[in-house]
Amino acid sequence: DITDLGASESYIVGFSYIGGMNAIAERGLRIPEDISVIGIDDSKISVLCDVALTTVRHPHQILGETAAKMLMDQMNMPQKTVEDVVYMPELIIRDSVKRITENL
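How each quantity is defined
Residues numbered from 1 in each chain as written. Predicted model: local features only at pLDDT ≥ 70, side-chain atom pairs only at ≥ 80, totals over all residues. Heavy atoms only, no water. Salt bridge = Lys/Arg side-chain N within 4 Å of Asp/Glu carboxyl O. Helix = DSSP H or I, 4+ residues; strand = E, 2+ residues; numbered from the N terminus. Buried < 20%, exposed > 50% of the residue type's maximum accessible area, 1.4 Å probe, protein only. Polar contact = N/O pair within 3.5 Å; in protein donor to acceptor, adjacent residues only side chain to side chain. Contact = heavy atoms within 4.5 Å. Arc of directions from axis to C-beta.

**Q** Please explain the pattern of salt bridges as it appears in this structure.
**A** Side-chain pairing between opposite charges can occur once the charged atoms of the two side chains come close. Going through the model one piece at a time under the given rule, you end up with six salt bridges. Note that Arg57 and Glu90 form a salt bridge whose closest N and O atoms lie 3.5 Å from each other. Of this pair, Arg57 sits in strand β2 (residues 54-57) while Glu90 sits in strand β3 (residues 90-92); the two residues are 33 residues apart in sequence, bridging distant segments of the chain. A single salt-bridge network, built from bridges that share partners, covers Asp42, Arg57, Glu90 and Arg94.

**Q** Where do I start with the side chain of Ser96 in this structure?
**A** Assignment of secondary structure puts Ser96 in the segment after β3. Taking the relative accessible area as the measure of exposure, Ser96 reaches 0% and is therefore buried. Polar side-chain contacts of Ser96 include one of 2.5 Å to the backbone oxygen of Val37. Residues in contact with Ser96, not counting those within four places in the same chain, are Ile31, Pro32, Ile35, Ser36, Val37, Val51, Ala52, Leu53 and Thr54.

**Q** Help me understand the environment of Asp41, please; the structure alone is not making it clear to me.
**A** Mapped onto the secondary structure, Asp41 falls in the loop between β1 (38-39) and β2. Residue class for Asp41 comes out partly exposed when judged on its relative accessible area of 37%. Those residues in contact with Asp41 that lie beyond four places of it in its chain are Tyr17, Thr55, Val56 and His60.

**Q** It is not clear to me how helix α1 (residues 17-26) should be interpreted in this structure. Could you clarify?
**A** Since the α-helix packs 3.6 residues into each turn, any two residues three or four apart lie on the same face. Among the residues making up α1, those that are buried are Tyr17, Gly20, Met21, Ala23 and Ile24. The buried residues of α1 occupy an angular sector of 160° when projected down its axis, which confines them to one face. Of the residues in α1, the exposed ones pointing more than 90 degrees away from the buried face are Ala25 and Glu26.

No statement about biological role is implied by the geometric values presented.
Okay, structure coming up:
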């Protein structure tokens, strides 16, 4: 829960980034000085936030085309083995993350 952040956390995973960024600000924490935030959809909204959101961009067009082709192939040839297809996402670095260094 974002309201249970301790002083040692430097990142959070798994929340609505706009709501999460607001909750972080309400706790008096600064992005990225105190905590880093990364989104996973490269939404157009991500650049409209007070701090532009670093995010992961997925190749939606090619994913959809490949899924449609695989579905059609499966419908036309049910005996055909379906193979995994992996596409690498792209990290879009903006202002919401910062390298964390520790003095050990």
